[in-house]
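# Tertiary structure, described
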Amino acid sequence: MLITAQFDSGNIDILEAADPENIRLSIRKDNQSDFYQWFHFKLYGEAGVEHVMHIENAGHSAYPDGWKDYYAVASYDRDVWFRVPTEFDGKTLTIRHELDQESCYYAYFTPYSYERHQDLIQWAQQSTLCEHVLLGQTLDGRDMNLLVIGEQSEEKQKIWVTARQHPGESMAEWFIEGLLGRLLDDEDGAVRKLLQNNVFYVVPNMNPDGSLRGHLRTNAIGVNLNREWEQPSLEQSPEVYHVLKAMDQTGVDMYLDIHGDENLPYNFVAGAEGVPSYNEQMDALGNRFKAALVAITPEFQTEFGYDVDAPGEANMTVASNAVAERFQCLAFTLEMPFKDNANLPDADFGWSANRSQQLGADVISAIYAVADDLRA
Ligand SMILES: [Zn+2]
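### Here we look at the packing of helix H1 (residues 114–125) against helix H2 (residues 171–183)
Viewed as axis vectors pointing N to C, H1 and H2 meet at an angle of 15°, and their least axial separation amounts to 12 Å. Viewed along their axes, H1 and H2 adopt a mutual orientation that is roughly parallel. In this structure, the crossing between H1 and H2 has a hand that is left-handed. Contacts between H1 and H2 involve Arg116, His117, Leu120 and Trp123 on the former and, on the latter, Glu173, Trp174, Ile176, Glu177, Leu180 and Gly181. Of the residues assigned to the contact of H1 with H2, the class counts are five nonpolar, two polar and three charged.

### With respect to the environment of Trp38
Structurally, Trp38 is set in the loop between strand S3 (23–26) and strand S4 (40–44). Those residues in contact with Trp38, other than ones at most four positions away along the chain, are Ser9, Asn11, Ile27, Tyr108, Phe109, Pro111, Gly168, Ser170, Gly214, His215 and Leu216. Polar side-chain contacts of Trp38 include one of 2.8 Å to the backbone oxygen of Ser9.

### Regarding the nonpolar core
By size, the foremost hydrophobic cluster in this structure holds 78 residues, and its most contacted members are Phe39, Ile149, Ile176, Phe200 and Ile258. Here this core takes eight residues from H2, the largest share from any one element. Not counting residues up to four positions away in its chain, the partners in contact with Phe200 are Leu147, Val148, Ile149, Ile159, Leu183, Leu194, Leu195, Ile364 and Ile367. Counting residues in hydrophobic clusters, the runner-up holds 29 residues, among them Val223, Trp229, Met247 and Val275.

### Details of a negative patch on the surface
On the surface, Asp19, Glu21, Glu50, Glu98 and Asp100 cluster together into a negatively charged patch. Here Glu98 is to be found in strand S9 (residues 93–98). A relative accessible area of 47% places Glu98 in the partly exposed class.

### Topic: the coordination of the zinc ion
Protein-derived ligands of the zinc ion are His166 (ND1), Glu169 (OE), Glu169 (OE) and His259 (ND1), with the metal-ligand distances lying across 2.1 to 2.4 Å. For the zinc ion, the four donor atoms are set out with angles of 57 to 147° between them, so the coordination reads as irregular.

### Remarks on the sheet that holds strand S2 (residues 13–16)
Spatially, the five strands line up as an open sheet ordered S2-S3-S5-S9-S8, and their pairing is mixed. At either margin of the open sheet sits one strand with a lone partner, and together these are S2 and strand S8 (86–88). Neighbour to neighbour, the strand axes of the sheet diverge by 25° on average, direction disregarded. Relative to S9, S8 is paired through three bridges, and the arrangement is antiparallel. Pairing of Phe88 across the sheet is with Leu93, part of S9.

### Focus on the pattern of salt bridges
A side chain with one charge can pair with a side chain of the opposite charge if their charged atoms come near. Applying the stated rule across the entire model yields 16 salt bridges. Between Glu87 and Arg96 there is a salt bridge, with the nearest N and O atoms lying 3.3 Å from each other. In this structure, Arg355 engages Glu299 in a salt bridge whose closest nitrogen and oxygen atoms are separated by 3.0 Å. Note that Arg355 is positioned in helix H8 (residues 353–370) and Glu299 in the loop between helix H6 (280–296) and helix H7 (319–327), a separation of 56 residues in sequence. Per residue, the accessibility class of Arg355 equals that of Glu299, and both read buried.

### Details of the side chain of Arg164
Within the secondary structure layout, Arg164 lies in the loop between strand S13 (157–163) and H2. At 3.1 Å, the side chain of Arg164 forms a polar contact with the backbone oxygen of Tyr112. In this structure, Arg164 is in contact with Tyr112, Glu169, Ser170, Ala172, Glu173, Pro204, Asn205, Met206, Asn207, Ser211 and Ile258, ignoring residues within four places of it in sequence.

### Things to note about the side chain of Asp188
As for its placement among the helices and strands, Asp188 is situated in the loop between H2 and helix H3 (189–197). Judged by its relative accessible area of 11%, Asp188 is buried. Here Ala190 takes part through its backbone nitrogen, which lies 3.1 Å from a polar atom of the side chain of Asp188. A distance of 3.1 Å separates a polar side-chain atom of Asp188 from the backbone nitrogen of Val191.

### Some remarks on the sheet that holds S4
The strand order S1-S4-S10-S6-S7 describes an open sheet built from five strands, whose pairing is antiparallel. Strand pairing shows two members of the sheet lacking a second neighbour, strand S1 (2–4) and strand S7 (82–83), which therefore form its edges. Two strands pair when backbone bridges link them, and strand S6 (residues 73–75) and strand S10 (residues 103–107) are joined in this way by three bridges, in the antiparallel orientation. In the sheet register, Val73 faces S10, and the bridge partner there is Ala107.

### Re the packing of aromatic side chains
Under the defined criterion, the tally for this structure stands at 17 aromatic pairs. Between Phe39 and Phe41, the aromatic rings sit 6.2 Å apart at their centres with planes inclined by 40°, giving tilted as the arrangement. Relative accessible area serves as the criterion here: at 0%, Phe39 is assigned to the buried category. Judged by relative accessible area, which is 0%, Phe41 ranks as buried. Put simply, the rings of Phe39, Phe41, Trp67, Tyr70, Tyr106, Tyr108, Phe109 and Phe338 pair up and form one aromatic cluster. A cation over a ring is seen here: Arg142 above Tyr114, with NZ or CZ 5.4 Å from the ring centre. The ring of Phe35 has Arg217 sitting right over it, with the charged end atom 5.4 Å from the ring centre.

About the criteria used
- Residues numbered from 1 in each chain as written.
- Predicted model: local features only at pLDDT ≥ 70, side-chain atom pairs only at ≥ 80, totals over all residues.
- Heavy atoms only, no water.
- Axes fitted to C-alpha atoms, helices over the stretch in contact; angles between N-to-C directions.
- Helix = DSSP H or I, 4+ residues; strand = E, 2+ residues; numbered from the N terminus.
- Parallel < 35°, antiparallel > 145°, perpendicular 65-115°, else oblique.
- Left-handed = near helix turned anticlockwise from the far one by under 90°.
- Contact = heavy atoms within 4.5 Å.
- Nonpolar A, V, L, I, M, F, W, Y, C, P; charged D, E, K, R; others polar.
- Polar contact = N/O pair within 3.5 Å; in protein donor to acceptor, adjacent residues only side chain to side chain.
- Core = buried A, V, L, I, M, F, W, Y, C linked by side-chain atoms within 4.5 Å.
- Buried < 20%, exposed > 50% of the residue type's maximum accessible area, 1.4 Å probe, protein only.
- Patch = residues over 30% accessible without salt bridge, like charges linked within 9 Å, V, L, I, M, F, W, Y side chains within 5 Å.
- Areas by Shrake-Rupley, 256 points an atom, 1.4 Å probe, with all protein chains shown as cover.
- Salt bridge = Lys/Arg side-chain N within 4 Å of Asp/Glu carboxyl O.
- Lys, Arg positive; Asp, Glu negative; His and termini not counted.
- Charge placed at Lys NZ, Arg CZ, Asp CG, Glu CD.
- Donors = N, O, S within 2.8 Å, 3.2 Å for Na, K, Ca; no water.
- Tetrahedral: all angles 85-135°; square planar, octahedral: opposite > 155°, others 65-115°.
- Pairing = 2+ DSSP bridges.
- Phe/Tyr/Trp six-rings, centres within 6.5 Å; stacked < 30°, edge-to-face > 60°.
- Lys NZ or Arg CZ within 6 Å of the ring centre and 35° of its normal.

In structure tokens:
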């Protein structure tokens with residue numbers, strides 16, 4: 001038997017792996033940080049034998065409630081990821097799986113590899129609609145990529161979408177794949193119409209270092225990028241520094257920041273109700289966006305989500321709040337579940353890469369519903 005996490009976004013420590021009935025594991029913390037929850041490893045075992053994997057430090061992870069009613073994902077071919085029996089006793093997360101083949105991968109959610117990220121950028125660049133802009137470099141020396149879709153001009157509205165500030169929230173980049181698939185389809189009517197008056201600025205991965213390192217929440221040096229938007233620095237958070245600088249150059253008329261939520265089994269958005277400049281007009285516009293998305297897909301809902309910030313109480317270090325205030329524009333954090341959408345559950349796969357892609361495509365229709373009124 002062998003367990004390894006020595007690959008792109010791998011994360012596990014092996015305490016003991018001698019007996020298939022009692023495999024003892026623990027999740028590594030993000031570098032220079034106490035956050036941990038993302039795991040991703042390969043088990044080489046014995047076909048036909050049940051393997052019982054105990055993640056013994058799950059109870060002290062960043063979001064212990066995230067393990068309640070949670071099922072780990074597994075894959076034999078690294079393409080199809082299915083859910084496997086998983087239990088949490090308040091302390092230890094236990095995954096039980098009888099192997100059909102000799103080896104299997106396990107993860108917190110369907111991984112989105114750095115290789116796939118690079119393929120996505122180069123694929124997008126092939127489109128005549130898309131310009132690939134290099135914004136700068138991360139602390140580990142990776143490139144910060146921006147995709148500009150549509151012909152840039154002063155008069156057009158600027159719609160920004162960023163994803164995966166928290167690298168363990170891999171569903172965010174699957175979402176971006178779906179969004180880009182639609183934005184780069186030159187026969188999509190809503191997109192053709194949108195691009196007459198709007199330009200899209202998409203950052204598919206805000207945190208490539210954390211993604212490759214197998215982090216949950218932080219960059220290479222343990223910094224939570226979604227708390228850096230008040231004063232990003234080249235030393236601590238170059239990822240945010242470069243993106244905010246580009247936003248200052250273009251302006252922003254609408255902003256979506258794409259995430260995954262460990263606890264809630266729903267898709268939802270969090271608005272900027274608590275920022276100083278929030279007003280009735282922005283509230284009405286935001287409600288129209290949400291109503292449009294509810295009408296488009298049963299995967300989205302507005303009943304469950306975060307508590308709404310009281311007026312003036314917003315955390316201004318958070319991207320969607322900072323951007324809403326800086327550019328006086330409509331801005332949301334969009335959250336997808338690690339578990340499933342409890343309104344439309346799928347026991348075999350749970351919330352998945354495919355469903356994240358579909359939601360990314362559907363969001364274009366909701367943007368289309370409000371785009372003419374962003375500055376009305
Ligand atoms: Zn997040």
